[in-house]
Amino acid sequence: MAEEEIKGPKKKLRTPEEASIDPAAQQMLRLADELGLSTAFSRADLMSACPIGSAGLCCDLCGMGPCRMTKDGMTGVCGATVDTIQARNFIRAVAAGSAAHSDHGRDMAFTLKAVANGEAEGYAIRDVAKLHNVAALYDIPIENRTPEEIANDLADLYIAQFGQQRGAIVPAQRAPAKRRKLWQEQGVIPRGVDREVVEALHRTHMGDDQEPTHILHHAVRTALADGWGGSMIATDVSDILFGTPAPLLGEANLGVLKHDMVNVIVHGHEPTLSQMVVAASQDPEIIAYAKAAGANGINLSGICCTANEILMRQGIPAAGNFLQQELAILTGSVEAMVVDVQCIMQGLVALSQNFHTKIITTSPKVRIKGATHIEFDEHHALTIAKNILKQAIDNYVNRGEVHIPSFKSSLIPGFSHEYINYMLGGSYRASFRPLNDAIMSGRIRGVAAIVGCTNPRVQHDAYHGTLTGALIRQDVLVVETGCSAIANAKLGFLLGETGIDQVGPGLREVCETIGIPPVLHMGSCVDNTRILTVLTQMVEEGGLGDDIDKVPAVGIAPEWMSEKALSIATYCAASGAYVIMGGSNPVEGKGDKIPDSLLVSEFMRSGWEELYGGKLEFVREPEEMLRRTLEHIDKKRAALGLPAYDPSRFGKSGDARLREIEVLPFEERQAAVYGRRAAG
Ligand code: XCC
Ligand code: SF4
């Protein structure tokens, strides 16, 4: 076959401006073009997504196939129908996502166990208060016990959640009472994390579960094992070991890379490794080693959720989000990119061969051909982290031409649910009351969580930015996690002062009063569980209904790409949230050609809404995502009997009033401030 036949007609490449709205990314994409190097952006242009597979219409679950459903009434060789195939593909993705998050949680729990028993070099229990709070949730005794004793019990309890066979995973107790009852009735409370994932795989083996709604029922259970299980455990333990995040100043974008220092990027997800690399980079011996190599020290930064983990705890800058991993290498300034698990592109290694950058894999689960492997082990973490950094320093002499974009933005990350609680009421009256009141009065119209990945099939960062900008203008408080948070950090939304003029009048009053940005960075993707906790606390505070599905809130992953995102979407919907996913649609209906292909997506919308009060929709256009978000928020407000959203009622106090007064003639200004004309 001629090459042309394999590749098909020549595809059109997007310009850097079409590919990303980020000027730093655009600059690196121009460089890639000049150097003739490929990135995920150009590869996405050349590789059009398979229209059958991307809509979930291809089944490759057995050797009689793969079977591709392209016409109405078609079935696979085994007789499987379109809707069965779509549901099976979907639950498999959810299972993989749930497995990934939960395995991360498992590793965290094992690290906690090792720390409790003095077997983990370099780690300590940083946040004893959080340890006490979490232990108390499960009646683990606290009085007269050392943190290590308590942590040991908590670690045992958490480790047991993965292999538990019967009963209910314990973190699910933390959901609102009404929600737990509903899950109980539906039979979706996970028994054990691993059990649900294994069952999802078993059910989708050839010749098993073939009723789409029955398959989706288990997809819910598998996803809940992630959100109220593995991910929640990951967040809890990360906070206990490394500290619960609180606001601090950070920076984001490729401009954080330095010309005169050894640049080391940590990329992936688990904070166990990255936190230790942070510690090692501050070690005098390592700094001296870097100086001896002619560098001004070590400059650490992060990519993907690892970036979020160390950004919100130590203020270590984020070099970028998912689609910037290759762009960082293109700068020519990165001595080592240290990766652990998830969202690591194999393309990194091929690209790095054009530069001096060393790709170092560290997880026993992840190797990439051509990368250097230095296996991480939490028992000797500090030694290993130092070894990794020394390799990076040794590589500094090999640096060639460097192109570091100058773009970077400041941000304030670190809004854990504990901090949100505290900031609203102070140490003595910490509560969600002020937030609930602001929503009830209409100052804040509602809450939107904009989360998830970036995807080269849509313009990088564009949907995150457009939606966030539009929502805060309409007085919707935005909370952020994952790569979306980094996108909005780069756009300057995560800073109090910047963009405050682009905020609706009511939300602006709240932000000015409390001193917060209109967009709150709540962490990495496992930290979407912090959003579950915030929603639960809002419910428990009162005034916004008795369950999560009553709260005027929406979750959006406008540029999603990973299976983890599908798991998150599913557990949020089952927790009562309205979830909108952009980009591609793995259960896309081809109603004109295959009417049955609408059944699965319709069930996720109306079926789940009936059962759980939450629903999942795939929407391609950001304008439509925005419209549905506002419509949903207003509908929920009305159902609670809250006043309809009316921005004209707010914005007359605080800084806005000050700005009005500032321009008045002196005497009127005095009158406005003191309520009378100045004497004399
Ligand atoms: Fe990966 Fe978590 Fe997606 Fe970013 S947002 S591309 S999953 S790093 Ni989670
Ligand atoms: Fe085809 Fe059925 Fe095998 Fe799937 S399980 S590949 S539909 S024969």
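Notes on the structure follow. (Residues numbered from 1 in each chain as written. Chains lettered and ligands numbered in written order. Predicted model: local features only at pLDDT ≥ 70, side-chain atom pairs only at ≥ 80, totals over all residues. Heavy atoms only, no water.)

1. Brief notes about the overall build of the chain
Right, on to step 1. When you go through the chain residue by residue, the secondary structure sums to 27 helices and 16 strands.
Right, on to step 2. Principal-axis analysis of the C-alpha atoms gives the chain an extent of 95 × 65 × 65 Å.
Right, on to step 3. Out of the 680 residues belonging to the chain, those deemed buried represent 59%.
Right, on to step 4. Long-range contacts, defined as pairs at least 24 residues apart, comprise 76% of the intrachain contacts of the chain with a sequence gap of at least 6.
Right, on to step 5. Split by element, the accessible area of the chain, about 25800 Å² in all, is 53% carbon and sulfur.
Right, on to step 6. On the chain, the mean spot of the 65 positive side-chain charges and the mean spot of the 82 negative ones are 2 Å from each other. (Helix = DSSP H or I, 4+ residues; strand = E, 2+ residues; numbered from the N terminus. Buried < 20%, exposed > 50% of the residue type's maximum accessible area, 1.4 Å probe, protein only. Contact = heavy atoms within 4.5 Å. Areas by Shrake-Rupley, 256 points an atom, 1.4 Å probe, with all protein chains shown as cover. Lys, Arg positive; Asp, Glu negative; His and termini not counted. Charge placed at Lys NZ, Arg CZ, Asp CG, Glu CD.)

2. Examining the site of ligand 2
Right, on to step 1. Surveying the vicinity of ligand 2 reveals the residues C59, L61, C62, M64, G65, C67, G76, V77, C78, A80, R88 and M206.
Right, on to step 2. The class makeup of the residues in the shell around ligand 2 is 9 nonpolar, 2 polar and 1 charged. (Near = heavy atom within 4 Å. Nonpolar A, V, L, I, M, F, W, Y, C, P; charged D, E, K, R; others polar.)

3. With respect to the site of ligand 1
Right, on to step 1. Taken together, H269, C304, C305, F322, C343, G452, C453, C483, C525, M561, S562 and K564 are the residues near ligand 1.
Right, on to step 2. Tallied by class, residues from the shell around ligand 1 come to 8 nonpolar, 3 polar and 1 charged.

4. Observations concerning helix α16 (residues 381–394)
Right, on to step 1. Taking 1.5 Å of rise per residue, 14 residues should cover 20 Å, and α16 covers 20 Å from first to last C-alpha, within 8% of that figure.
Right, on to step 2. Elements in contact with the buried residues of α16: β4 (262–267), α11 (271–281), α12 (284–292), β5 (298–303), β7 (334–339) and β8 (358–361). (Expected span 1.5 Å × (residues − 1).)

5. Overview of the packing of α11 against helix α13 (residues 304–314)
Right, on to step 1. Taken N-terminus to C-terminus, the directions of α11 and α13 make an angle of 50°; their axes are 9 Å apart at the nearest point. The orientation of α11 with respect to α13, classified from their angle, is oblique. For the crossing formed where α11 meets α13, the hand is right-handed. Here P271, S274, Q275 and V278 of α11 lie close against α13, whose contacting residues are T306, E309, I310, R313 and Q314.
Right, on to step 2. Split by residue class, the contact of α11 with α13 holds 3 nonpolar, 4 polar and 2 charged. (Axes fitted to C-alpha atoms, helices over the stretch in contact; angles between N-to-C directions. Parallel < 35°, antiparallel > 145°, perpendicular 65-115°, else oblique. Left-handed = near helix turned anticlockwise from the far one by under 90°.)

6. Side note on the packing of aromatic side chains
For any pair of aromatic rings, the description rests on two quantities: the centre-to-centre distance and the angle between the ring planes.
Right, on to step 1. The full count for this structure, using the stated rule, is 6 aromatic pairs.
Right, on to step 2. Seen in terms of ring centroids, Y419 and Y422 are 5.5 Å apart; in terms of plane orientation they differ by 55°. Their pairing is tilted. Of this pair, Y419 and Y422 are both found in helix α17 (residues 417–425), 3 residues apart, which corresponds to roughly one turn of the helix.
Right, on to step 3. Residue Y419 is classed as partly exposed on the basis of its relative accessible area of 23%.
Right, on to step 4. The ring of Y289 carries K390 above its face, with NZ or CZ at 5.6 Å from the centroid.
Right, on to step 5. Directly above the ring of Y578 sits K615, whose terminal nitrogen or CZ lies 4.6 Å from the centroid. (Phe/Tyr/Trp six-rings, centres within 6.5 Å; stacked < 30°, edge-to-face > 60°. Lys NZ or Arg CZ within 6 Å of the ring centre and 35° of its normal.)

7. Describing the pairing of strand β16 (residues 615–618)
Right, on to step 1. With burial as the criterion, each face of β16 is covered, one bearing K615 and E617 and the other bearing L616 and F618.
Right, on to step 2. Across 4 bridges, the pairing between strand β15 (residues 578–581) and β16 is parallel. Bridge pairing in β16 links Y578 to K615. (Pairing = 2+ DSSP bridges.)

8. Overview of unusual backbone geometry
Right, on to step 1. For the bond from G65 to P66, the omega torsion is -5°, close enough to zero to count as cis.
Right, on to step 2. Take P66: it is sitting in the loop between β1 (58–59) and β2 (67–68).
Right, on to step 3. Phi angles above zero are rare outside glycine, and D461 is one such case at about 70°.
Right, on to step 4. With respect to the secondary-structure elements, D461 resides in the loop between β11 (446–450) and α19 (462–473).
Right, on to step 5. Of note, D475 is a non-glycine position whose phi angle comes to about 65°, a positive value.
Right, on to step 6. Of note, D475 is situated in the loop between α19 and β12 (476–480).

9. Focus: the sheet that holds β12
Right, on to step 1. Reading across from one edge, β13-β12-β11-β14-β15-β16 is the order of the 6 strands in this open sheet, with parallel pairing throughout. The open sheet has two edge strands, β13 (519–521) and β16, and neither has a second partner. Direction aside, the axes of adjacent strands within the sheet are offset by 20° on average.
Right, on to step 2. Contacts from α19 reach β11, β12, β13 and β14 (553–557) within the one sheet, and its direction differs from that of β12 by about 145°.

10. Here we look at the pattern of salt bridges
Right, on to step 1. Within the structure shown, the criterion is met by 51 salt bridges.
Right, on to step 2. Across the salt bridge formed by D22 and K490, the nearest N and O atoms sit 2.9 Å from each other. You can see D22 sitting in the loop between α2 (16–19) and α3 (23–35) and its partner K490 sitting in helix α20 (residues 482–490), a full 468 residues away along the chain. (Salt bridge = Lys/Arg side-chain N within 4 Å of Asp/Glu carboxyl O.)

11. Points about the pairing of β14
Regular strands have side chains that alternate between both faces of the sheet.
Right, on to step 1. Buried residues dominate β14, accounting for 5 of its 5 residues.
Right, on to step 2. Burial along β14 is two-sided: A553, G555 and A557 facing one way and V554 and I556 facing the other are all buried.
Right, on to step 3. Relative to β14, β11 is paired through 4 bridges, and the arrangement is parallel. When the sheet's bridge partners are listed, A448 is paired in β14 with V554.
Right, on to step 4. Note: β14 against β15, 4 bridges, orientation parallel.

12. Some thoughts on the side chain of E617
Right, on to step 1. Among the structural elements, E617 can be located in strand β16.
Right, on to step 2. E617 sits in the buried class, given a relative accessible area of 5%.
Right, on to step 3. A polar contact of 2.6 Å, which involves the side chain of E617, links it to the side chain of Y578.
Right, on to step 4. Residues within four places of E617 in sequence aside, it is in contact with Y578, V579, I580, M581, R605 and R628. (Polar contact = N/O pair within 3.5 Å; in protein donor to acceptor, adjacent residues only side chain to side chain.)

13. Re the nonpolar core
Right, on to step 1. By size, the foremost hydrophobic cluster in this structure holds 166 residues, and its most contacted members are M538 and M581.
Right, on to step 2. Sorting elements by how many residues they give to this core places helix α10 (residues 212–242) first, with 15 residues.
Right, on to step 3. With near-sequence residues (within four places) excluded, M538 lies in contact with F432, L435, N436, I439, V447, L544 and V551.
Right, on to step 4. Counting residues in each nonpolar core, the second largest holds 37 residues, with L37, I265, L348 and I368 among its members. (Core = buried A, V, L, I, M, F, W, Y, C linked by side-chain atoms within 4.5 Å.)

14. Some words on helix α8 (residues 177–186)
Right, on to step 1. If you check which residues of α8 are buried, you get R179, L182 and W183. Take α8 and look down its axis: the buried residues cluster within an arc of 100°, on one side only. Among the exposed residues of α8, those oriented more than 90 degrees off its buried face are A177, K181, Q184 and E185.
Right, on to step 2. Summarising the contacts, the buried residues of α8 are in contact with α10, α23 (563–574) and α24 (599–612).
Right, on to step 3. Downstream of α8 by one or two residues, G187 has phi in the positive range, about 70°. (Arc of directions from axis to C-beta.)

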